[in-house]
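If you want the building blocks of each chain, they are given just below.
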Amino acid sequence: MYIIMVASECAPVAKVGGLADVVHSLSGELDQRGHTVEIILPKYDCMRYDHIYDLQIAYRDLWVPWYGGAIHCTVWFGFSDGRRCFFIEPHSQDNYFNRNNFYGFHDEVMRFAFFSKAALEFMLKTNKRPDIIHAHDWQTGLLPVLLYELYQYHGMQQQRVCYTIHNFKHQGVCDEEVLWASGLQRPEYYGNRDRLGDDFSPRRINLMKGGIVYANYANTVSPTHAWEARHTEQGYGLGHILHVHQHKFGGILNGLDYEAWNPETDTLLPHNYTVNNLDGKYANKIALCNRLLLEEAYKPIIAYIGRLDTQKGIALIRHSLFYALDNGAQFVLLGSSPEARINDEFWKLKFELNDNPDCHLEIGFNEELAHLIYAGSDMVVVPSLYEPCGLTQLIALRYGTVPIVRAIGGLADTVFDWNDEHKSPNPNCQRNGYVFYDATPEGLESALHRAIGLWNSHPDIFRRLLVHGMKCDYSWKQSVQNYLNAYEHISVTKV
Ligand code: ADP
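For clarity, every value in this text was computed on a predicted model and none was experimentally measured. (Residues numbered from 1 in each chain as written. Predicted model: local features only at pLDDT ≥ 70, side-chain atom pairs only at ≥ 80, totals over all residues. Heavy atoms only, no water.)

Quick notes on the overall build of the protein
Moving on, step 1. A count of helical and extended segments in the protein gives 17 helices and 17 strands.
Moving on, step 2. Structurally, the protein occupies a C-alpha span of about 70 × 45 × 45 Å along its principal axes.
Moving on, step 3. Of all 495 residues assigned to the protein, the portion counted as buried reaches 58%.
Moving on, step 4. Entry remark: accessible area of the protein is about 20400 Å², with carbon and sulfur atoms responsible for 49%. (Helix = DSSP H or I, 4+ residues; strand = E, 2+ residues; numbered from the N terminus. Buried < 20%, exposed > 50% of the residue type's maximum accessible area, 1.4 Å probe, protein only. Areas by Shrake-Rupley, 256 points an atom, 1.4 Å probe, with all protein chains shown as cover.)

Printed below as a string of structure tokens:
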């Protein structure tokens, strides 16, 4: 198959969050299976140009219709980690992608609406006719609308769109201006609530809604989150439209990059290990204690690694720290928040606990330390309020660290409680952690209590539990197959 990804991020050249990793990993896996994959990105001035190989002009004069006129663009080509990438560079006074940052500007919607249009115009003019265009998040929500309403009449009637939503919170809600700029016009038609009209703000346009309505297949990044988006407030108002389009909406779990996260070969670890020889894991535990000046005691280490965002359950993270210390465990936290208030709160906590030999708080982002914590800890806690997929629990499982998670989103699809006699629905992955339901201290304690209890009273069984986790397969293998099934289902030319 011939697939073109259109996205605002792709690791490592333009990475802000998980979207970048998904575009990078999915493209690589599809390529390895013999499919032709190309990625179209904006040409940001702040990209990691040191990760682009052989950057050269691919198309010098691309004129993209915009308002009544057209914006002159240059399209560049280069390889990023072996992936074939095109970068669109508009030359206009708006300077859409020369802002020294990826996101956060007043004209955000116009920047990415233009990018979506430019990506289609580029395909049209260069005779690129992929079987599938895979668009991601609100930034490219307008793409299937433009394809169906305009570009199919210029010779792109065979192209089909898969639209993946990584985060429902940001939807690209804007005024009608975007319709005039992109050439769609007719606000009375597109502004209808069955199409792009926002359900909550009259006369406003919702780009993510457009993506859902016009894509041939839409999905989010785990089956449980797909259900939550339809039936709970986690759809941030899009539940109704997802319900209307339920026949073409689903959840496909993200995979983990098993090359980057492999305890057997991880160069950031002092000691490598495998499921058959866990000595290295215990040596890493000692290395972690030494590194963070924790007392080398016969106690389990519980860790939290992640953004300190309200989404992640800040109060419960805090509670797990104190519960661990009160119940004979050690606690390590690695995280940071863009919100000064939350960061300050954790800095304060760090000072209060400074002399405690059983805990360490590291406020900041530290990739290398994250690897050591995943390897050297006994458990990680993930008490999120919502979690579309989540990577932390997948990395923990791979590193033989038992995840203790709240049963929501992708966490519920990947972690299965040790004490639950019903096996997981996935035959390759049996009970591998601890799960709780209520986002309350009592809920969290019910899982922490059982995990610490097993570690203390049945170390041999605890070891069996972590081995179960290491044997789970959450690589991209299955996820890519699920995407391929979706592509094949919607594509015009059946393979
Ligand atoms: P989200 O995308 O919502 O932040 P995920 O669980 O999907 O959450 O992914 C988080 C990823 O970022 C994980 O790989 C985690 O190890 C990493 N990470 C988060 N915070 C930090 C940090 N402070 N230092 C190092 N790695 C971090």
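There is more to say, and it comes next.
A look at unusual backbone geometry
Glycine aside, negative phi is the norm for most residues, and most peptide bonds take the trans geometry.
Moving on, step 1. In this model, Ala11 is joined to Pro12 through a cis peptide bond whose omega is -5°.
Moving on, step 2. Secondary-structure assignment places Pro12 in the loop between β1 (2–6) and α1 (18–32).
Moving on, step 3. You will see that Asp81, though not glycine, has its phi angle at about 50°, which is positive.
Moving on, step 4. Structurally, Asp81 is set in the loop between β4 (69–80) and β5 (83–91).
Moving on, step 5. A positive phi is found at Arg203, a non-glycine position, where the angle reads about 65°.
Moving on, step 6. On the secondary structure map, Arg203 appears in the loop between α5 (187–190) and β9 (205–206).

Considerations on the site of the ligand
Moving on, step 1. With respect to spatial proximity, 16 residues lie near the ligand, and among them Arg307, Lys312, Gly364, Tyr374 and Leu391 are the closest.
Moving on, step 2. Here an oxygen atom of the ligand sits 2.7 Å away from a polar atom, N or O, in the side chain of Arg307.
Moving on, step 3. At a separation of 3.0 Å, an oxygen atom of the ligand approaches a polar side-chain atom of Thr392.
Moving on, step 4. Considered on its own, the ligand offers 570 Å² of accessible surface; in the complex 84% of this is hidden by protein. (Near = heavy atom within 4 Å. Polar contact = N/O pair within 3.5 Å; in protein donor to acceptor, adjacent residues only side chain to side chain.)

Points about the packing of aromatic side chains
Moving on, step 1. Evaluation of the coordinates by the stated rule reveals 24 aromatic pairs.
Moving on, step 2. Both rings, one in Tyr53 and one in Phe79, keep their centres 6.4 Å apart while their planes meet at 40°; by these two values the pair is tilted. Placement of Tyr53 in strand β3 (residues 52–66) and of Phe79 in strand β4 is noted, with a sequence separation of 26 residues between them.
Moving on, step 3. Ring centres of Trp66 and Tyr67 lie 6.1 Å apart, and the angle between their planes is 75°; this geometry places the pair in the edge-to-face category.
Moving on, step 4. The exposure class assigned to Tyr67 is partly exposed, which follows from its relative accessible area of 41%. (Phe/Tyr/Trp six-rings, centres within 6.5 Å; stacked < 30°, edge-to-face > 60°.)

Re the pattern of salt bridges
Moving on, step 1. Across all of its chains, the model carries 20 salt bridges by this definition.
Moving on, step 2. Among the ionic pairs, Asp107 bridges to Arg99, the shortest N-O distance being 2.7 Å.
Moving on, step 3. For Asp107, a relative accessible area of 12% puts it in the buried group.
Moving on, step 4. Residues joined by salt bridges that share partners form a network here, namely Glu38, Arg84 and Lys128. (Salt bridge = Lys/Arg side-chain N within 4 Å of Asp/Glu carboxyl O.)

Describing the nonpolar core
Moving on, step 1. In terms of nonpolar packing, the biggest core is built from 95 residues, with Ile40, Val178 and Tyr487 touching the most fellow members.
Moving on, step 2. Here this core gets twelve residues from one element, more than from any other, and that element is helix α2 (residues 108–125).
Moving on, step 3. Residues in contact with Ile40, not counting those within four places in the same chain, are Ile4, Met5, Val6, Ala7, Phe86, Ile88, Phe115, Ala119, Phe122 and Met123.
Moving on, step 4. Listed in part, the 79 residues of the second largest apolar core include Leu269, Ile373, Val380 and Val405. (Core = buried A, V, L, I, M, F, W, Y, C linked by side-chain atoms within 4.5 Å. Contact = heavy atoms within 4.5 Å.)

As for the sheet that holds strand β14 (residues 359–363)
Moving on, step 1. Within the open sheet, the six strands sit side by side as β14-β13-β12-β15-β16-β17. Their pairing is parallel. The sheet is open, and its two borders are formed by β14 and β17 (434–436), each paired with just one other strand. The sheet shows a mean angle of 15° between the axes of neighbouring strands, taken without regard to direction.
Moving on, step 2. Here three bridges tie strand β16 (residues 402–406) to β17, and the two strands are oriented parallel to one another. Looking across to β17, one finds that Val405 is bridged to Val435.
Moving on, step 3. Against the sheet, helix α9 (residues 279–292) touches β12 (301–305), β13 (330–335) and β14, its axis set at about 70° to β12.
Moving on, step 4. Contacts from helix α12 (residues 367–376) reach β12, β13, β14 and β15 (379–382) within the one sheet, and its direction differs from that of β12 by about 145°. (Pairing = 2+ DSSP bridges. Axes fitted to C-alpha atoms, helices over the stretch in contact; angles between N-to-C directions.)

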